[in-house]
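As a plain string of letters, each chain reads:
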Amino acid sequence: MLHGLDLLDEPLSQEVASRAVKTLARCQNSTGGFGGGPGQISHVATTYAAVNALAIVGTQEAYDLIDRSALLDWLRRLKQADGSFLMHEGGELDVRGIYCVLATVKLLNIVSPDLAANSEQFIACSQTYEGGIGGIPGVEAHGGYTFCAFAAMELLGKTELLDLDKLSRWLCFRQLAVEKGFQGRTNKLVDGCYSFWQGGAFPLLECALARRDGDEAGKVDLFNREALQEYILICCQGERGGLKDKPDKNPDYYHTCYVLSGLSIAQHRYAWDPVQEDIIVADGERGPVVVGNGQNLLPATHPVHNILPRHVTRIRAHFAQELPDA
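- The protein goes by Protein farnesyltransferase subunit beta in an unreviewed UniProt entry, where it is assigned to Spizellomyces punctatus.
- A UniProt comment under Catalytic activity (unreviewed entry) is attached to the protein, and it reads "L-cysteinyl-[protein] + (2E,6E)-farnesyl diphosphate = S-(2E,6E)-farnesyl-L-cysteinyl-[protein] + diphosphate".

So this is what it looks like as structure tokens:
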């Protein structure tokens, strides 16, 4: 909800910002991680979401809630020898865990070699014959897992270990010609949330290809930006507000967040900045691509973290000092 409001340029009042922090405080455990609600066990996906939410709030109260030392110890306990992470203690493992952990520790400046060990091999082995990436080695390629795995490889600086040509083909074929939106898997229906989970992989792909083949390779649009925006604007808006999977579904906060995120990705272009060692917004002379009224233009989201770039910069600067044991 906070990211959705951010993309709509809706500022948070001090009261709402403080309430958000206090709500998240009730979800925090002694592990330093966050559960999905008060009294629930720590989980890396909800910890990732909580840290992103606190980054959006961006107040001292929000930053003070984060216990980096305890969080790092907990994440180390979840680390597996094959490079993966358990989603929670005693839980399942897949590439989501790698992404959620690496994205979180990057924002909090607690990246350590032991957390990254063998993760690139686990992800590379999860790429399928189609070119997409599954949750674990040997299973079907899926849009959500593909984004998580690809973004994790970007954070690791190891995108060259993937077959980028096969990945390009798989991603491009997930945008359907008639509906214009993205499906999550081969032979499945379109779903508005894949506007981000599939669409968000394209800035990563374009930057990876530019690093491999030269800057010009990254300037080619590999998906139909206008068509995706048409699917979102025509098929995914609820009559009473909110965004949704497809026309016969109801809006919800999850789809509102990720459909808006996909709309932002479709409107903006990105490039790799070797000085910042990060992906930056690069609309340049061509400008953003906006279907319909110019008021449809959203702020650019960071394609790895999926929060606004200024929040990424601010929280990294706040936690610039490394932990002694990181």
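Still to come is the rest of the account.
1. Description of unusual backbone geometry
Part 1 of the reasoning: Even without glycine at this site, Lys180 takes up a positive phi of about 80 degrees.
Part 2 of the reasoning: One can find Lys180 in the loop between helix 10 (164-172) and helix 11 (194-197).
Part 3 of the reasoning: Positive phi is not limited to glycine here, since Asn187 has a value of about 65 degrees.
Part 4 of the reasoning: Topologically, Asn187 is positioned in the loop between helix 10 and helix 11.
Part 5 of the reasoning: On the basis of relative accessible area, Asn187 is assigned to the exposed category, the value being 73%.

2. Overview of the layout of surface pockets
Gaps between atoms show up when a probe of the same size as a water molecule is rolled over them.
Part 1 of the reasoning: Taken as a whole, the largest pocket spans an internal volume of roughly 1100 Å³.
Part 2 of the reasoning: Along the walls of the largest pocket sit 38 residues, with Met1, Ala49, Ala50, Cys257 and Tyr258 positioned nearest its centre.
Part 3 of the reasoning: Residue assignment for the lining of the largest pocket shows that the elements contributing at least two residues are helix 1 (2-7), helix 2 (14-27), helix 3 (44-57), helix 6 (95-108), helix 9 (143-156), helix 11 and helix 14 (253-267).
Part 4 of the reasoning: Along the lines of polarity and charge, the residues of the lining of the largest pocket split into 27 nonpolar, 9 polar and 2 charged.
Part 5 of the reasoning: Per-domain counts for the lining of the largest pocket show at least three residues from each of domain 1 (1-78) and domain 2 (79-307).
Part 6 of the reasoning: In this structure, the second largest pocket occupies an estimated 400 Å³ of space.
Part 7 of the reasoning: Lys106, Glu154, Leu155, Leu156 and Gly157 are, among the 21 residues lining the second largest pocket, the residues nearest its centre.
Part 8 of the reasoning: Considering only residue class, the lining of the second largest pocket consists of 9 nonpolar, 4 polar and 8 charged.

Rules of the game
- Residues numbered from 1 in each chain as written.
- Predicted model: local features only at pLDDT ≥ 70, side-chain atom pairs only at ≥ 80, totals over all residues.
- Heavy atoms only, no water.
- UniProt positions renumbered as here; feature names shortened; annotations may be inferred.
- Helix = DSSP H or I, 4+ residues; strand = E, 2+ residues; numbered from the N terminus.
- Buried < 20%, exposed > 50% of the residue type's maximum accessible area, 1.4 Å probe, protein only.
- 1 Å grid on protein atoms, 1.4 Å probe; cavity = no way out; pocket = protein on both sides within 12 Å on 5 of 7 lines; lining within 4 Å.
- Points joined across faces, edges and corners; volume = space filled by probe spheres on them.
- Nonpolar A, V, L, I, M, F, W, Y, C, P; charged D, E, K, R; others polar.
- Domains from an automatic or database assignment.

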